[in-house]
Each structure stands twice: as C-alpha cells, then as structure tokens.
Amino acid sequence: MAQDELTESGPVDYLVVEFPGNRMTGEGLPLLIDLVDRGIIRILDFAFVRKDADGTVTAMELADFDGDGTLDLAVFEGVSSGLLRADDLSEAAAVLEPGNSAGVLIYENTWAGPFAAALRRGGAQVVASGRVPVQDLLRSLDELEALG
C-alpha cells in the first residue's frame, strides 16, 4: 500500500479466528466475499495457520475447507499486502489451543475511508481504538437484566 493510498484509507483491523479441531465449514466465506464486493472492506492479507497437538505451527494452503470439491478460498489466492509476516502468524498461533487452526485476516474498513481522510486533513488523529467482544456485551446485558 503506497503512502498516498494510506492517507485516503480507512482504519485497518485484524482478526484471528480460531477453529476448534481444525473444523472450517466455510459458512462465513460468502459473507466475507459480500463485504468485499460491496466495498465495505478490502482484504489486505489472508492466511491460515494450524497448531498441532505437539505445538508445531504450520502455515496452511488455501483449500477446500468444507469438502465439497470447490476451492472455497480461490478468490483470496495471492491476497498479500506484505503486512502479514511469518512472525505475525507465529504470534497468532501462540494464542491457539493445540489441535486447532486459525484464519488471520488484515482488512481495511473502506466504508470509513472518506471520514478518516477528512479527519486527518483537519489534523485529527485517533488516540484510542478497540473492540468490545460480543461475549462481553451479552454478559453486561445479562448483569443489567439481573439488576432489573
């Protein structure tokens, strides 16, 4: 990604999604493709890692994860900005339970690009950012309901 592109880009996020028992159904892939097709996100890097029972970490090739004979991830083959490196994959694998695998995704929130660029032009800068996991939201709602 060139510096000119960065000044106009939206926030860049990453996800590490763990698949227990290396079971990847591919159910979410059409939804991910839809986000790309609608211009909501742009995938910068997409990779998979597996952590064997003995702790050995292996980068995985794109594959037919749901076993239907179709290469589910062919649309993402070759997607690599160079941001995601081997040490990043090792770090992602460190949080995995042995016997599991993970998808590692780096993506730009293109929907926010014009807003973010306007803020930068005005001299503003993001000083904090984060995500609230759904499990935390549900727990908070349950606590509020119990106080109720």
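Relevant structure appears above.
Residues numbered from 1 in each chain as written. Predicted model: local features only at pLDDT ≥ 70, side-chain atom pairs only at ≥ 80, totals over all residues. Heavy atoms only, no water.

## Quick notes on the pattern of salt bridges
Pairing is possible between side chains of opposite charge, provided their charged atoms come close. As enumerated under the stated definition, the model contains six salt bridges in all. Among the ionic pairs, Asp34 bridges to Arg38, the shortest N-O distance being 2.8 Å. As a salt-bridge pair, Arg139 and Asp136 come within 2.3 Å of each other at their nearest N and O atoms. Separated by three residues within a single helix, Arg139 and Asp136 lie in helix α5 (residues 134–147), roughly one turn from each other. For Arg139, a relative accessible area of 44% puts it in the partly exposed group. For Asp136, a relative accessible area of 31% corresponds to the partly exposed category. (Salt bridge = Lys/Arg side-chain N within 4 Å of Asp/Glu carboxyl O. Helix = DSSP H or I, 4+ residues; strand = E, 2+ residues; numbered from the N terminus. Buried < 20%, exposed > 50% of the residue type's maximum accessible area, 1.4 Å probe, protein only.)

## What to know about the side chain of Asn109
Locating Asn109 in the fold gives a position in the loop between β4 (100–108) and α4 (113–121). By relative accessible area, which is 7% here, Asn109 ends up buried. Setting aside residues up to four positions removed in sequence, Asn109 forms contacts with Gly10, Pro11, Asp13, Ile40, Ile41 and Arg131. (Contact = heavy atoms within 4.5 Å.)

## Some details on the packing of aromatic side chains
Enumeration according to the criterion identifies one aromatic pair in this entry. When the centroid spacing of 5.1 Å and the interplanar angle of 50 degrees are considered together, the rings of Phe46 and Phe48 count as tilted. You can call Phe46 buried: its relative accessible area is 13%. (Phe/Tyr/Trp six-rings, centres within 6.5 Å; stacked < 30°, edge-to-face > 60°.)

## Quick look at the nonpolar core
The tendency in soluble globular proteins is for nonpolar side chains to be buried as a group. Leu44, Ala47, Val49, Leu84, Leu89, Ala92, Ala93, Leu96, Ala102, Val104 and Ile106 form the largest nonpolar core, which has eleven residues in total. Elements with a minimum of two residues in this core: β2 (42–51), α3 (86–94) and β4. Contacts of Ala47, omitting those with residues within four sequence positions, involve Leu84, Leu89, Ala102, Gly103 and Val104. By size, the runner-up hydrophobic cluster in this structure holds nine residues, among which are Met24, Leu32, Phe48 and Tyr107. (Core = buried A, V, L, I, M, F, W, Y, C linked by side-chain atoms within 4.5 Å.)

## With respect to the environment of Leu83
Its location among the elements puts Leu83 in the loop between β3 (57–60) and α3. Residue Leu83 is classed as partly exposed on the basis of its relative accessible area of 47%. Placed 38 residues apart in sequence, Leu83 and Asp45 show a C-alpha to C-alpha distance of 7.1 Å.

Take it as geometry only, folks, not as evidence of what the structure does.
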